[in-house]
Structure formats: C-alpha cells, structure tokens
Amino acid sequence: MKRNTLILAALSGLLTLGAARQASAKLSNDQQVVASVVFKPTSESRLTQYVYDTVDPTSAKYHHYLSTTEFARKFGQSQQYVDAFKRYLNQYHVHAYAYRGRLSLKVRGTRANVNQAFHAKAGHQKGQPSRTYYQLPKKLAHQVVTVIGLNALKSKQNPTPKRTDNHAVFSMLTRKAAGSDGPDTHLKGTAFSKKYGALKFAERYQLTNLYNKGLSGQNQRIGIIAFGDIHRSDLKTYWRQAGTNTDTSRVRKIYVIDNQKKVQASMTADHVAEQSEATLDVESAGAVAPKAGIDFYTGTSVDNAVNLHTSLFTAFTQAISDNVDRQLSTSYSPHTDDLKLWEEHSATPSQYNHAFNLILEQAAAQGITVFNASGDRGPWEWSHKPLMECHGIPTSPYQVLVGGTTLPYSKVINGKRITVTKERAWGTLAGISADNLKAGAFSGGGGGFSALNPTPRYQQGVPGVNTFSAINLIKYLSDKKIYALNKHPRLITGIHEGRNLPDVAGNADERTGYATYLSCPVPAANKKAKPIIKKLWTIGGGTSYTAPQMAAANAIINSGKNIPVGFWNPQIYQFAQQADTPFNVLDDNVDNNNLYYTGQPGKLYNQATGLGTINFDKLYQKFK
C-alpha cells in the first residue's frame, strides 16, 4: 500500500522534499555530484532597492528590467573573479559553469574531487546534526555567501531521518473522505473544464474576462520547477478531455542534474509521487494558459548523489539564468527551517534562505514573477506549535506564496451533510473520517510567519500584518506523536513579526478540487514481476494546484502587456489598500481557518488566506 499511496500523496498538494524520496545513506567517492557556490552581489542593498524600483511607478527604473548581461554588469561578481574560481576548481578536475548574472557557479565532479577542492570535512557541534565544513583560498572565499551540496559525512553520520510521511497518509484518507475516486469522464471539453479544470478556476476568479479579450498566454512561457518527469501522452489526454490546446510540442524539458535518458529510465513505482506532482503542475498551467509555452525544469538525481536541496536550487538558478520565462512556479519546499531536521550538510537554513533570496532578487530584477505553494497542513507542516514558525523554506519575500481556500459546496461525507455557503480558508475538520482522526491527518492551507525573513517593506503598515487571530482546533499528542482534535478550542489573538504568509489564496480543497490524468507504474502482486502501468483519472487538491494556476494567470496578464508585470508583491499590497481593490478579503474568524489562523474582521490581511482571492480582471487593469 505504501507505494500506491505515494500516487495519491503528490495529488494532495505541496511536496516537501524528503517526503517523496529520501536521500541516499550510501554515497561513494566516485559518484558524480553537483554543488552550488553562491556569490555576494556587488551591493546587496542596491540590488534590493533596484528590485523595488522596477515596480515603483514613481521611479526612473520603473519596468526597466535587466537582461542577464546587464544584471551581471550591475550586481554580479567580475568575470575575472569567476574565471579565477573556475581555474582553481579545474586543478581538482572539478568542472564549474557560471550562471548568467554571475551570482552562482554550478560545480560538477566526483564526490572525492569536489570534497578535496573545497577541503570539505565532516564536523559536529553539540545539540546539532552532523554537517560538512569547507575551506577556500582567501582570495576566493571573501565573496562567497555559501556552498550548497557538499557532503563529507560517512554513511553512519548521514542516516535517513525517522519521521512519518503524513503526505501519503493524508492523501489516501482525505480522498476516501471526499467520497470520490475520480472525475466524470463522460463530460467533455467545456463541461469537464468547468467542473474539474481550468474553467473552474477561471470563472471563479474572473479570468474568463481576459479570455474574452483574446488573451490566452500567447508569446509567454511558464517555467515549472519540479522533480521526476512527465509523459507527453498524459498531457495530451488531459488537455483533450478538457477541450484545450493539445499541442505538447509547446512543452520543453530541461534536465538540470541527470540527463533525459537516465531520468526517464527511473520512472518507477518508487518515484510516482514526483511524476504525479510534475504532471499535475504542467497539466494545470497548460490548461489555464492554453497558448503559453511551458519549460519543465526537473532536478531529479537518479542515484540520489545530489541532495534535494541542491537540486531545487540548481533548477531555480538555471531557469533564472535562461531568462525565457516571465513566470516561474514550484510546488516543492526544500524541507524545514528547523535545524534539527535540516538535511543539507554544507549550508545552514539561514545560509540557504539567504542564497534563495539572492537568486529570487535576480529573477525580480529581470521581470520574472515567482509563485510557490504554501503547504497543505495548515501551520502544522513541521511544528507542533504554530508560533514556533517551523516552515518548509524558502519563505522568501521575493516570491508570491499561495494559500488555500475551499469553495461553496454541499455534500454527504461520511454519513454527514456538510455545507459550505461561501468561499473560506481551507481547513478540513467537518466530516472528517474516523481513519483520518486516528492517523492525525488534517488538511489546510499553509500560513503564518517566517522565522528566517523579517517583515518585508511592502507588508509593513498593512492592516492585519504582524497581528493574528487564531483558534486552537487541534493539538499535538507527544506520547502518540500525532495530532488530535482539541475538545475545548478557544479564539486567540496576538502580535508576531516576520514575513507574513501567504500572500494570496485560491481553491485548494480536495472536496472542491481538480482532475489530473496520470499513467504510472504501480507494483504488481507478484513482487518479481514488472510494475503494472495504471492509467488514472483522479481528483486532487492542495496548494500545488493553485500555484501553477496562478503562474498561468500571470502569463495571461502578461500576454496583454508589452512589459511584464514583474515582482508582484509590492504592487499587490498597494492595490489591496485602494478602494477598487482586486482582492476579496476572507476576514471571518470562526469557521474561516486553516486549522489555526483565521480571518481578522475588518482587516485586509490574515495568515490563513493572505490578501484573499483575486479578481484577475481587476488585477489586469491595475497592472496596466
């Protein structure tokens, strides 16, 4: 059952790296590995100001986005310094590729040679996990922020963490609770799309008004950052059923770690979670923006010689360096900001977060909008107490973090009639099954406060930011290591600081969710037999549907403009404070919660749904 439930796990939403596939505990010195060297910009303060200036109508730099060459000249390290770094690594038979923009190097070589080049050694500090320390020549070290992906630990120092994969449990049980095994495929085209697909999203959030203006994502490309691989035949089947553009040649695949042949050969039952997440991302984005191209960046390392943190960073950096997509989306989080659970060995959570902020600032300076799913278990993704603020990272202020809602519905679930009369924050307790309760599997949109990033300037002063309303509906049972209902919940209000998340929200509840088509291998009854290829129509939910839909909606908006809208966040927080706001604030504070945070009556922002849901027709007019 475990492998089968992984098929469903990916369709539940955000995949936290490590939940889908564990890092290998056995690494040989002759394996090829990839690491990233992240450089300081020439001036981080000037870079940050430039990013904000690109979306400030009062600035002379408004909409003056940089090419990668211009970015390198303004903010990247000098070519001489980069060349010196490459020559140094070549001495150890380590190849280095400089990304355009000159903020990072991609380093490739055998594990032994890479560790020798960086003088990498395993170390341990009391109360902390083992990690890898490195040393570089002084003439090179002074401009380095961090090195991601080094691993000098021995197998016994690098155990696979022991934790429950609640994503698999959650998905299997919530699908059962929802009482639906799949969509009605007798419906075709528009009817299917309105019930299970792009038109359901578009009609709910006024994107159809832009379709009627002839905007379909033409002349735009959407970058999807993921793992695993996709079958073009799956995309064609889904898009044909939904009555949209079935041309799969608009999808381009970029393999940033292992090559295509190696990755496709690895599409086995063990990796179905990655395949299904990748497939739903591309199917969703391609249906919402039917004339847009899609660039699928996969960071899969087949033999796990490259850790998942490095793979995700590498995929993002490659996409930003390529600079062909004006919108990027991912539904992955590289684990948690809790040091005790951190699996990257050479960069701490703070260093990794800093590195991500820098490359996302490069994206913003180039006019790229980045979307990321906020998570699918409320603020309880990793923390036993919400205000411990343990999140999957990055919670970078330079991306749009997308939360979840549930749409109005009335269904009999587990023998009980459940009625939701208006759109609200996604937090599922009503009608929860006995199996869900026993497993402690609760679903809701991610939200809260970042422990690593301070409150960004665009959030400061916005009513509701750094204040919160919450209701403690569930609690952690430390003896059983599961979550359970709190018999005596109470409403809590307070003050907290940090980057508030999410920024916006959209439908992510599986009970009001979307269809996905997937052909994937599952284990045969006879363990010695080859896996059976199952062709599955499923209904899924999660913020990993909403994030690529938002990126596709951005492509629709950009297709009607001569200049990309760029960095959303400073703009949308301004729009939200205007009388003709394009946001529908979900501010009720009782039944409107993500398992903890609720709306804040009369305020513009809350940590369950951010600024709220979007009227894309109004947002388009604002961006124009």
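Criteria and thresholds
Residues numbered from 1 in each chain as written. Predicted model: local features only at pLDDT ≥ 70, side-chain atom pairs only at ≥ 80, totals over all residues. Heavy atoms only, no water. Helix = DSSP H or I, 4+ residues; strand = E, 2+ residues; numbered from the N terminus. Contact = heavy atoms within 4.5 Å. Areas by Shrake-Rupley, 256 points an atom, 1.4 Å probe, with all protein chains shown as cover. pLDDT = per-residue confidence, 0-100. Axes fitted to C-alpha atoms, helices over the stretch in contact; angles between N-to-C directions. Parallel < 35°, antiparallel > 145°, perpendicular 65-115°, else oblique. Left-handed = near helix turned anticlockwise from the far one by under 90°. Nonpolar A, V, L, I, M, F, W, Y, C, P; charged D, E, K, R; others polar. Buried < 20%, exposed > 50% of the residue type's maximum accessible area, 1.4 Å probe, protein only. Pairing = 2+ DSSP bridges. Expected span 1.5 Å × (residues − 1). Polar contact = N/O pair within 3.5 Å; in protein donor to acceptor, adjacent residues only side chain to side chain. 1 Å grid on protein atoms, 1.4 Å probe; cavity = no way out; pocket = protein on both sides within 12 Å on 5 of 7 lines; lining within 4 Å. Points joined across faces, edges and corners; volume = space filled by probe spheres on them. Salt bridge = Lys/Arg side-chain N within 4 Å of Asp/Glu carboxyl O. Core = buried A, V, L, I, M, F, W, Y, C linked by side-chain atoms within 4.5 Å. Patch = residues over 30% accessible without salt bridge, like charges linked within 9 Å, V, L, I, M, F, W, Y side chains within 5 Å. Lys, Arg positive; Asp, Glu negative; His and termini not counted. Charge placed at Lys NZ, Arg CZ, Asp CG, Glu CD. Phe/Tyr/Trp six-rings, centres within 6.5 Å; stacked < 30°, edge-to-face > 60°. Lys NZ or Arg CZ within 6 Å of the ring centre and 35° of its normal.

Caption draft 1: Seen up close, the overall build of the chain. Secondary structure assignment for the chain yields 19 helices and 30 strands. Contacts spanning at least 24 positions in sequence make up 79% of the contacts within the chain whose residues lie at least 6 apart. A total accessible area of about 23,400 Å² is found for the chain, and carbon and sulfur atoms account for 50% of it.

Caption draft 2: Broad picture of the confidence of the model for the chain. Summing up the model confidence of the chain, the mean pLDDT is 88 and the portion of residues at 70 or higher is 88%. For the stretch residues 1–25, pLDDT sits under 50, and the model shows 105 contacts to residues farther than four places along the chain or on other chains.

Caption draft 3: A look at the packing of helix α11 (residues 232–241) against helix α13 (residues 272–288). The interhelical angle for the contact between α11 and α13, taken along N-to-C directions, is 45°, at an axis separation of 10 Å. In terms of orientation, α11 lies oblique with respect to α13. For the element pair α11 and α13, the recorded crossing hand is right-handed. Contacts between α11 and α13 involve Asp234, Leu235, Tyr238 and Trp239 from the former and Gln275, Thr279, Val282, Glu283, Gly286 and Ala287 from the latter. The residue makeup of the contact of α11 with α13, split by class, is five nonpolar, three polar and two charged.

Caption draft 4: Looking closely at unusual backbone geometry. In this structure, Pro502 follows Leu501 across a cis peptide bond, with omega equal to 5°. By secondary structure assignment, the location of Pro502 is in the loop between β25 (500–501) and β26 (504–507). The phi angle at Asn466 is positive, at roughly 65°, despite the residue not being glycine. Tracing the chain through its elements places Asn466 in the loop between β20 (448–449) and β21 (467–471). Exposure remark for Asn466: the relative accessible area of 16% places this residue in the buried category.

Caption draft 5: Broad picture of the pairing of strand β4 (residues 104–110). Of all seven residues in β4, six are buried, a share of seventy percent or more. Sheet analysis places strand β3 (residues 95–98) next to β4, joined by four bridges and oriented antiparallel. Note on β4: the bridge partner recorded for Ala96 is Val107. The loop that links β3 with its antiparallel partner β4 comprises five residues; one of these, Gly101, has a positive phi angle of about 110°.

Caption draft 6: Expanded view of helix α15 (residues 349–365). In this model α15 runs 24 Å from its N-terminal to its C-terminal C-alpha over 17 residues, within 8% of the 24 Å that 1.5 Å per residue would give. Two residues or fewer after α15 comes Gly367, characterised by a positive phi angle close to 85°.

Caption draft 7: Highlighting the environment of Asp503. With respect to the helices and strands, Asp503 occurs in the loop between β25 and β26. Residues contacting Asp503, with those up to four places away along its chain left out, are Gln399, Val400, Leu401, Gln459, Asn569, Tyr573, Thr609, Gly610, Leu611 and Gly612. Looking at Asp503, its side chain comes within polar contact range of the side chain of Tyr573, at 2.7 Å.

Caption draft 8: Geometry of the layout of surface pockets. As a volume, the second largest pocket reaches approximately 540 Å³. For the second largest pocket, the lining is made up of 28 residues, of which Val420, Lys422, Arg424, Asp591 and Asn592 are closest to its centre. For the lining of the second largest pocket, the elements supplying multiple residues, two or more each, are β16 (416–420) and β18 (427–428). With three residues, the single largest contributor to the lining of the second largest pocket is β16. Classifying every residue of the lining of the second largest pocket gives 10 nonpolar, nine polar and nine charged.

Caption draft 9: Representation of the pattern of salt bridges. Scanning the model with the defined rule gives 10 salt bridges in all. A salt bridge links Arg221 to Asp295, with the nearest nitrogen and oxygen atoms 2.9 Å apart. Residue Arg221 is found in strand β8 (residues 221–226), and its partner Asp295 is found in strand β10 (residues 293–298); the two are separated by 74 residues along the sequence. On the basis of relative accessibility, which here comes to 25%, the residue Arg221 falls in the partly exposed class. Between Lys253 and Asp229 there is a salt bridge, and its shortest N-O distance comes to 3.0 Å. Of the two residues, Lys253 is situated in strand β9 (residues 251–255) and Asp229 in the loop between β8 and α11; the sequence distance between them amounts to 24 residues. On the accessibility criterion, Asp229 (0% relative accessible area) is buried.

Caption draft 10: Highlighting helix α2 (residues 44–53). For α2, the full list of buried residues reads Leu47, Thr48, Tyr50, Val51, Tyr52 and Asp53. The secondary structure elements touched by the buried residues of α2 are α3 (68–75), α15 and α18 (568–576).

Caption draft 11: Geometry of the nonpolar core. Core analysis: the largest hydrophobic core is formed by 111 residues, its most contacted members being Phe316, Trp568, Ile572 and Phe616. Not counting residues up to four positions away in its chain, the partners in contact with Ile572 are Val504, Phe583, Leu611, Leu619 and Phe623. Membership of the second largest hydrophobic core comes to 24 residues, among which are Ala35, Phe39, Tyr92 and Val144.

Caption draft 12: Here's a closer look at the sheet that holds β3. Taken in spatial order, the four strands make up an open sheet running β3-β4-β2-β7, and their pairing is antiparallel. Single-partner strands in this sheet number two, and they are β3 and β7 (144–148). Taking each pair of neighbouring strands and ignoring which way they run, the sheet shows an average axis angle of 20°. Strand direction decides the pairing type here: strand β2 (residues 32–39) and β4, joined by seven bridges, are antiparallel. When the sheet's bridge partners are listed, Val37 is paired in β4 with Leu105.

Caption draft 13: How the structure looks around the packing of α13 against helix α17 (residues 543–558). Orientation of α13 relative to α17, taken along the N-to-C sense of each, is 30°, at an axis distance of 8 Å. Comparing their axes, α17 and α13 come out roughly parallel. Between α13 and α17 lies a crossing whose hand is right-handed. Along its contact with α13, which presents Glu277, Leu280, Asp281, Ser284, Ala285 and Val288, the element α17 presents Ser544, Tyr545, Pro548, Gln549, Ala552, Ala553 and Ile556. Partitioning the contact of α13 with α17 into residue classes produces eight nonpolar, three polar and two charged.

Caption draft 14: Up close: the environment of Leu210. Along the chain, the position of Leu210 falls in helix α10 (residues 208–211). Along the chain, Leu210 and Phe616 lie 406 residues apart, while their C-alpha atoms are 8.0 Å from each other. Beyond its immediate sequence surroundings of up to four residues, Leu210 is in contact with Leu215, Ile556, Ile557, Phe616, Asp617 and Tyr620.

Caption draft 15: Up close: a positive patch on the surface. The grouping of Arg46, Lys61, Arg73 and Lys74 at the surface amounts to a positive patch. With respect to the element layout, Arg73 can be found in helix α3.

Caption draft 16: Focus on the packing of aromatic side chains. Applying the stated criterion to the full structure yields 34 aromatic pairs. By way of ring pairs, the aromatic residues Tyr52, Tyr398, Tyr458, Phe567, Tyr573 and Tyr605 are connected into one cluster. Over the ring of Tyr133 we find Arg131, and its NZ or CZ is 4.8 Å from the ring centre. The ring of Tyr409 has Lys411 lying over it, and the distance from NZ or CZ to the ring centre is 5.7 Å.

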